[in-house]
Every structure is written in C-alpha cells, then in structure tokens.
Amino acid sequence: MDKLLVHGGSTLRGSVNISGSKNASLPIIAAALLTDEDVIIRRVPDVSDTNYMVQILNALGAEVERSSGTIRATCAEISDTAPYELVRRMRASICVMGPLLARKGRAVVSLPGGCIIGDRPVDLHLKGLQALGAQVEFEGGNIILTAPKGLKGAELDLRGTSGPTVLGTDNVMMAATLAEGTTVIESAAAEPEVIDLANFLNAMGAKITGAGTRRIVIEGVAKLHGVEHTVIPDRIEAGTFMVAAALAGEGVTLRRVCREHLKAITAAIEASGHSVSFNEAGDACTVHRGTDLKGVDLVTAPYPGYPTDMQAQMTALLATTPGISVIKDTIFPQRFMHCAELKRMGADIKVDNGTAIVRGTEKLSAAPVMASDLRASAALVLAALTATGTTEINRLYHIDRGYEHIDEKLLLLGANVERVRV
Ligand code: EPU
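Since this is a predicted model, take the numbers as computed values, not measurements. (Residues numbered from 1 in each chain as written. Predicted model: local features only at pLDDT ≥ 70, side-chain atom pairs only at ≥ 80, totals over all residues. Heavy atoms only, no water.)

Can you help me understand the sheet that holds strand β11 (residues 207–209) in this one?
Sheet strands line up and pair through hydrogen bonds in the backbone, either parallel or antiparallel. Here four strands make up an open sheet; going across it, the order is β9-β10-β12-β11 and the pairing mixed. Each edge of the open sheet is held by one strand with a lone partner, namely β9 (155–157) and β11. Recorded for the sheet is a direction-independent mean angle of 15° between the axes of neighbouring strands. In the sheet, β9 pairs with strand β10 (residues 182–186) via three bridges, with the strands oriented parallel. (Pairing = 2+ DSSP bridges. Helix = DSSP H or I, 4+ residues; strand = E, 2+ residues; numbered from the N terminus. Axes fitted to C-alpha atoms, helices over the stretch in contact; angles between N-to-C directions.)

Before we go on, may I ask you to explain the site of the ligand in this structure?
Around the ligand, a shell composed of 24 residues is seen, among which Asp123, Leu124, Thr165, Asp309 and Ile331 lie nearest. Arginine 335 is positioned such that a nitrogen or oxygen atom in its side chain is 3.2 Å from an oxygen atom of the ligand. Considering the ligand on its own, with 830 Å² of exposed area, one finds that the protein chains cover 91% of that surface. If you list the elements that add at least two residues to the shell around the ligand, you get α1 (22–31), α5 (123–131), α6 (166–177) and α12 (374–386). Classifying every residue of the shell around the ligand gives twelve nonpolar, five polar and seven charged. Both domains that meet at the shell around the ligand, namely domain 1 (2–19 + 233–421) and domain 2 (22–230), each give it at least three residues. (Near = heavy atom within 4 Å. Polar contact = N/O pair within 3.5 Å; in protein donor to acceptor, adjacent residues only side chain to side chain. Areas by Shrake-Rupley, 256 points an atom, 1.4 Å probe, with all protein chains shown as cover. Nonpolar A, V, L, I, M, F, W, Y, C, P; charged D, E, K, R; others polar. Domains from an automatic or database assignment.)

Mind showing me how you'd approach the side chain of threonine 70 here?
The topology assignment puts threonine 70 in strand β5 (residues 70–74). You can call threonine 70 buried: its relative accessible area is 15%. Other than its neighbours up to four places away in sequence, threonine 70 contacts Ile40, Ile41, Arg42 and Glu65. (Buried < 20%, exposed > 50% of the residue type's maximum accessible area, 1.4 Å probe, protein only. Contact = heavy atoms within 4.5 Å.)

Sorry, what's going on with the packing of α1 against helix α7 (residues 192–203) here?
When two helices pack together, their arrangement is given by the angle between their axes and by how far apart the axes lie. Taken N-terminus to C-terminus, the directions of α1 and α7 make an angle of 30°; their axes are 9 Å apart at the nearest point. Comparing their axes, α7 and α1 come out roughly parallel. The handedness of the crossing between α1 and α7 is right-handed. Between α1 and α7, the residues in contact are Asn23, Ala24, Pro27, Ile28 and Ala31 and Glu193, Asp196, Leu197, Phe200 and Leu201, respectively. A breakdown of the residues in the contact of α1 with α7 according to their chemical character gives seven nonpolar, one polar and two charged. (Parallel < 35°, antiparallel > 145°, perpendicular 65-115°, else oblique. Left-handed = near helix turned anticlockwise from the far one by under 90°.)

What exactly am I supposed to notice about the pattern of salt bridges here?
When their charged atoms lie close together, side chains carrying opposite charge are able to pair. Here the structure, examined in full by the defined rule, presents 19 salt bridges. The shortest N-O distance in the salt bridge between arginine 235 and glutamate 193 comes to 2.8 Å. Pair noted here: arginine 235 is in helix α8 (residues 235–248) and glutamate 193 is in helix α7, with a separation of 42 residues, a long-range link. The buried category is assigned to arginine 235, whose relative accessible area is 10%. Residue classification places glutamate 193 among the buried residues on the basis of a relative accessible area of 6%. Overlapping salt bridges bring together Asp2, Asp400, Asp407, Arg419 and Arg421 as one network. (Salt bridge = Lys/Arg side-chain N within 4 Å of Asp/Glu carboxyl O.)

Help me understand the sheet that holds strand β19 (residues 348–352) in this model?
Taken together, four strands build an open sheet; the order of strands is β17-β18-β20-β19 and the sheet is mixed. Edge positions in the sheet fall to β17 (297–299) and β19, since each of these pairs with one other strand and no more. Strand-to-strand twist in this sheet, taken as the mean axis angle between neighbours without regard to direction, amounts to 10°. With five bridges joining them, β19 and strand β20 (residues 355–359) adopt antiparallel strand pairing. Paired with isoleucine 349 across the strands is valine 358, a residue of β20. Strands in contact with helix α10 (residues 311–318) are β17, β18 (324–328), β19 and β20; relative to β18, the strand with the most contacts, it is inclined by about 170°.

What am I meant to see in the packing of α6 against α7 here?
α7 packs onto α6 with a crossing angle of 15° between their chain directions and a minimal axis gap of 10 Å. The angle between α6 and α7 falls in the class roughly parallel. Along this stretch, α6 crosses α7, giving a crossing that reads as right-handed. Contacts between α6 and α7 involve Val166, Thr169, Asp170, Met173, Met174 and Thr177 from the former and Val194, Leu197, Ala198 and Leu201 from the latter. Tallied by class, the residues present in the contact of α6 with α7 amount to seven nonpolar, two polar and one charged.

Would you mind showing me how to read the nonpolar core here?
Note on soluble globular proteins: their nonpolar side chains tend to be buried together. The biggest cluster of nonpolar side chains holds 77 residues, and the ones touching the most others in it are Met173 and Leu201. Once residues lying within four places of it in the same chain are set aside, the contact partners of leucine 201 are Ala31, Leu34, Met173, Met174, Thr177, Ala206, Ile208 and Leu224. Core analysis: the next-biggest nonpolar cluster, separate from the first, contains 67 residues, Met242, Ile349, Val358 and Leu396 among them. (Core = buried A, V, L, I, M, F, W, Y, C linked by side-chain atoms within 4.5 Å.)

What should I look at first to understand the environment of glutamate 392 in this one?
If you trace the backbone, glutamate 392 turns up in strand β22 (residues 390–394). Glutamate 392 gets classed as partly exposed once you look at its relative accessible area, which sits at 26%. Between the alpha carbons of glutamate 392 and valine 221 there is a distance of 53 Å; along the sequence they are 171 residues apart. If sequence neighbours within four positions are ignored, glutamate 392 has contacts with Lys3, Leu4, Leu5, Ala367, Pro368 and Val369. There is a polar contact of 3.5 Å between the side chain of glutamate 392 and the side chain of asparagine 394.

What exactly am I supposed to notice about the domain arrangement of the chain here?
In many reports, interface size means the accessible area that the parts give up when they come together. Domain boundaries assigned for the chain yield domain 1 (2–19 + 233–421) and domain 2 (22–230). The C-alpha-based centres of domain 1 and domain 2 are spaced at 30 Å. Summed over the three residues of domain 1 that lose the most area to domain 2, namely Tyr303, Phe332 and Arg401, the buried surface amounts to 29% of that side. The tally of links between domain 1 and domain 2 comes to two salt bridges. Looking at the side of domain 1 that touches domain 2, the elements with two or more residues in it are α12 and α13 (397–400). Split into classes, the residues belonging to the side of domain 1 that touches domain 2 amount to ten nonpolar, seven polar and ten charged. (Buried area = accessible area lost by both parts, 1.4 Å probe.)

Here it is as structure tokens:
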C-alpha cells in the first residue's frame, strides 16, 4: 500500500498535460461489449479503475490489449455474468449491465456495495432498463436482468431525488441502442462524459440525438460495428491541477483541456481571486495565483453546474483563502470525509447537513492523514502542497484509481513529493 510524502512549500511552475477522462473511459470501455467487431479506444488514462474495467471485459471473455493509452477490445464471444470479485472493487462496473443485457438478453451483475461518499443506489438504472422490457430479480447479492424477447424502445424519465444519474443514463442509452423501436430518456444526465459515450455509440452505428441535453432520443438498430475513438480530456483532473496552480503556482499551464467543460470550475477559481486564461483554441489554460483572495459560496449541481467531483479539492483551496466559504454538496451530501483530515492539518471547517463552512486560515501544517476516497485524497495532496512540513498521505490506492501518475506530474511542476512503497 503506497503512501505519498508531500514536503510543503515548493512553487509550481511550467506545464502539465491533462489525461483522457476516467469517467468517460469507463462506460466507453463497457460499450465495446455491444459489438463483436474490433474497438479501439485512445487516450484511456492508466489508472486502476480503467484497469478494473479491462479485467471485467477479459473475465467476460473479451480479448483486450492495452498499450500507451490505447485499448483494443474484441468482444466476439462473451458471457452474461460479471464476476463479483472484480465488480465489488469498483462501483462503475454497473455500467456493463446495459450492454450485456442488450447483447445477450441477460445480465448478471452483483449489487454494488456501500460507498464512502454516500448510499449510491441503482434504482434508476433498473427503472430505466425495466421500462425497456427487462425483468429484474435479485439473488445471492446479484442483480439478474433478463429480456428473452429482446428490449423494446420506450419513453422513460430518469429523474431521481438528487437530479439526473450519469451512469444510469449511460446504461439505458447503451441498452436502447439495440432495442426495437425508439427510446426517449427524459431528465437525462447532460455531462460531457455522456456526450462522449453517445459520440462513441453513434460512431458504432447507433442513432442517438440530444446527448448533452435533458432529453435523449435513441432509435434502435439491429447491430453495432467496430469503431476508433479518442476519449475527451479529464475535466476533473484539469480542475484538480487548476486548484494546485492557484494554491502553489506561479503561472502553471494546463494542456489538452477543454474550456467548454471547465466553465463552472473556472468561475469558482476566479471568484476566489485567481486568474485563469485560455488560449484561443480553448485547449490550454494558464492559472495565476491571485493577490486579493476571498471566500466563495459553492453548491454542487449536475452539469453544467459545479461538479461534486471537484468539491473536496475546492474545499482544500478555500481552507487557506481569507474569509468564509460555504460549500454545499447536493449530490452526495455525505461526501465530506476530507474535512476531518483537513482539520487535522489545522483547517477551520464545520460540516453540517451536507454543507461545509470553511473559515480560511493563513497556513495549514503537515500531519499524517488518511485518504478515504478518490477526490478526498486529491484534496489532501493539494492542501499538503502549501502546508508547513511534510504531510504523509496514506492509502494512496484511492488516488491511483482516478489520477494518472499524479506524483510524477506534480514532480514535473516542481512539487516536492515522494511515493513510498510500504
Ligand atoms: N442516484 C439515485 N439512484 C440511482 C443512481 C443515482 O438516487 O439509481 C443518485 C445518487 O445517489 C446521487 C445522484 O443520483 O445522489 C447522482 O449520482 P449518479 O448516478 O449521477 O452517479 P454515478 O453515475 O454513479 C458518476 C461519476 C461519479 C460522480 C457522479 C456525479 C463515473 C464513473 N462516476 O457516478 O464520479 O461523482 O457521476 O457526477 O462517471 C468520481 O469520479 O470521483 C466519482 C465519484
């Protein structure tokens, strides 16, 4: 179990390349199950979550090769049962459910267990697939979906109490590509990752319109074919490096980003007093640390709102920003585990009812801290960059799930970090 030592106080300079999106890659890799032809996916980040997804495809009988960011998958003969041993490691495994059901008429996937960031139910995924005609049973911890006569297009609404569901929209959209007739998903998630998946599916021969809006229409087709696709940039990794640059940088440039996807994050960083300037193409930006800093109020919301996946990192920035900041997470109200650890580093944060009230302190100080989930770990690394002394971040496997070589990228920018193999 690796740990990271961050010796605080270095200034970050230079530029960093942002990787392909983890959250776009995961459903796109799963969507390879929809065809028996060859699928090539480029710019897949080398993180443990994408490795788990590759292992799941292998376990289902696919042939998958992976080299320097490119995955080649051929899902000629596949089984309908995703093994518990792999599925239990990653909640996003649930997105093999739609493709398996559509291709095989049956899908067996274990029910995802608890998750540190909240309950994370799958009722909306099942509601959507049932609307397409699937029968749902639960047995021995597994969800068993069957559609012996095939799936049929339907109109359905995926609105949940916390808004739309990203992977739920993906699952229903993937299943509907091979259904008979037209499917209309109302209250669909509009995240860029959903659009990337729709583009991937359309390039395979699917007929999807409206991705990126709350209403997606899918006209079913009989068969999908092979495809080559390049994954969009990871907007959360980009946001994380924007925060690093704001906290400890002197004009850090991020390359291979997408301005359009970063609007809410850019607005939050600018509101706290830092400056962000994009090049004309919108695929690179430079962040300058501000001098007149102030607290901000943030509420997480589905895209194009401020992303819950950037809540912890922004909390780390605001912990040392003068003034009071109020951060409410409406999507995962329990996602504040990082606050207890930040407080151990001297932050002044009160968490109550899905809201963190942060009173900016001048400086944090190093402490041994424990990573609890992916984005919480990123927040601790960010906080440690400017803390006095050496922060020891344990359970680094959380960060390796979703950040490609984060320690190497930080080192290149001039941070003083060491990965220690324990
Ligand atoms: N929800 C339901 N019922 C469902 C599904 C979701 O009530 O059947 C609720 C959830 O409890 C939550 C809200 O709906 O309150 C939104 O959850 P969503 O389904 O959109 O989450 P997800 O699709 O499982 C993806 C990302 C998460 C990200 C969320 C929200 C992937 C692989 N994961 O999860 O990313 O936080 O959308 O934007 O795309 C991360 O990368 O750190 C991460 C957790």
